[in-house]
Every structure is written in C-alpha cells, then in structure tokens.
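# Architecture at a glance
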Amino acid sequence: MGVVGASDDEIRDRVKEVAFTLSLTDGDITIVPEQGLRNPGTALKVKVTYGVELVTPVLNSLLPNPFPLTAETNMRVE
C-alpha cells in the first residue's frame with residue numbers, strides 16, 4: 001500500500017487488520033522512510049516487532065519472555 005501512495009496511518013491500520021490476533025499497537029509497527037520522504041525508486045520498509053509470551057517452562061528458562069519476533073518487508077516506491 002505504501003509504495004503506491006498510502007499514508008503511514010493507512011499502512012498501520014492494514015497491518016493491524018491483517019494481524020488482528022496479535023493486538024498490535026502503532027508502536028509495534030515501524031515505517032521507513034516516513035510518508036513525506038518517499039520518492040519513486042526509493043525503498044520503503046515496514047517492520048513489525050511483537051513479543052510472544054512463552055508458556056513452556058523449559059523455554060522460559062532458556063529464552064527471554066516475552067520472546068521478541070520481528071518481520072519486515074521492503075519494496076520499491078512506484
């Protein structure tokens with residue numbers, strides 16, 4: 001959406017809509033560059049960071065809880 005002119009708010013709303021089971025906040029979603037700095041041919045990155053609560057005792061002793069997960073996508077602005 002962002003590479004064809006959508007605003008940062010529209011991108012965040014769409015991410016939260018698609019990942020509705022995660023209860024994401026705006027702070028979990030990073031968009032670079034911000035809306036006013038996007039030019040054709042430049043890269044747009046949307047990154048989502050979320051902490052997953054671990055419920056397995058063995059994993060709790062080995063890994064941080066909540067366990068941080070990150071996903072990002074990069075596309076060229078049209």
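Presented here is a report on the structure given in the accompanying data block. (Residues numbered from 1 in each chain as written. Predicted model: local features only at pLDDT ≥ 70, side-chain atom pairs only at ≥ 80, totals over all residues. Heavy atoms only, no water.)

## Side note on the overall build of the protein
For the protein, the count of helices and strands is two helices and three strands. The order of helices and strands in the protein, counted from the N terminus, is α-β-β-α-β. In terms of overall dimensions, the protein is more spread out than a globule: its C-alpha atoms have a radius of gyration of 15 Å, far above the 12 Å expected for 78 residues. Taking all 78 residues of the protein together, the buried fraction comes to 26%. If you take every contact in the protein between residues at least 6 apart in sequence, the share linking residues at least 24 apart comes to 43%. About 5,400 Å² of surface is accessible on the protein, with carbon and sulfur atoms providing 57% of the total. Distance from the positive charge centre (7 side chains) to the negative charge centre (11 side chains) of the protein: 5 Å. (Helix = DSSP H or I, 4+ residues; strand = E, 2+ residues; numbered from the N terminus. Rg over C-alpha atoms; globule rule 2.2 N^0.38 Å. Buried < 20%, exposed > 50% of the residue type's maximum accessible area, 1.4 Å probe, protein only. Contact = heavy atoms within 4.5 Å. Areas by Shrake-Rupley, 256 points an atom, 1.4 Å probe, with all protein chains shown as cover. Lys, Arg positive; Asp, Glu negative; His and termini not counted. Charge placed at Lys NZ, Arg CZ, Asp CG, Glu CD.)

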